[in-house]
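Single-letter residue listing:
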Amino acid sequence: MAATATTCQAVWLRGLLTDLTGWASKEVVLRVDNKSAIALMKNPVFHGRSKHIDTRFHFIRECVEKGLVLMEHVSSEEQRADILTKAHGRVKFTEMREILGVEDLT
């Protein structure tokens, strides 16, 4: 679900920037930590296992096929968005904060 929302926003922003600047923009790289989701996005052959997936998921697949979006795997330990969506212990929180480039001012 998050990948669908992100893909919609990324494609819209890509189109907006192309309209404003006139430059043809490159494909948007989305970093996803779920290998199964990436496999389903790239390979349309999984029909037996993915019959329940509705049209939102197929939108991502079409964007990947058209070259608008590139899906890339990133491990959960390096997923920068996790600090914004999950609770972490002090050590992990500090590591994630450093990955984002945020400094502790205290």
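This is a predicted model, so every value here is computed, not measured.

Right, let's talk about the overall build of the protein chain for a bit. Each helix and strand counted, the protein chain has five helices and two strands in total. Classification of the 106 residues of the protein chain by burial places 24% in the buried group. The contacts of the protein chain with a sequence gap of at least 6 include a subset with a gap of at least 24, amounting to 55%. For the protein chain, the accessible surface area stands at approximately 8000 Å², while carbon and sulfur atoms represent 58% of it.

To continue, consider the side chain of R14. Of note, R14 is situated in helix α1 (residues 2-21). No salt bridge is formed by the buried R14, whose closest oppositely charged neighbour, E27, lies at an N-O distance of 7.2 Å. Apart from residues lying up to four places away in sequence, R14 is in contact with S25, K26, E27, V28 and L68.

Here the focus is the pattern of salt bridges. One pass over the full model with this rule turns up one salt bridge. The partner of E72 in a salt bridge is R31, and the shortest N-O contact between them spans 3.2 Å. Of this pair, E72 sits in strand β2 (residues 69-73) while R31 sits in strand β1 (residues 28-32); the two residues are 41 residues apart in sequence, bridging distant segments of the chain. Judged by relative accessible area, E72 falls into the partly exposed class, the value being 32%.

Mean pLDDT over the protein chain works out to 79, with 84% of the residues at or above the 70 mark. No element of the protein chain has a lower mean pLDDT than helix α2 (residues 35-42), which averages 73, and none a higher one than α1, which averages 87.

What counts as what
Residues numbered from 1 in each chain as written. Predicted model: local features only at pLDDT ≥ 70, side-chain atom pairs only at ≥ 80, totals over all residues. Heavy atoms only, no water. Helix = DSSP H or I, 4+ residues; strand = E, 2+ residues; numbered from the N terminus. Buried < 20%, exposed > 50% of the residue type's maximum accessible area, 1.4 Å probe, protein only. Contact = heavy atoms within 4.5 Å. Areas by Shrake-Rupley, 256 points an atom, 1.4 Å probe, with all protein chains shown as cover. Lys, Arg positive; Asp, Glu negative; His and termini not counted. Salt bridge = Lys/Arg side-chain N within 4 Å of Asp/Glu carboxyl O. pLDDT = per-residue confidence, 0-100.

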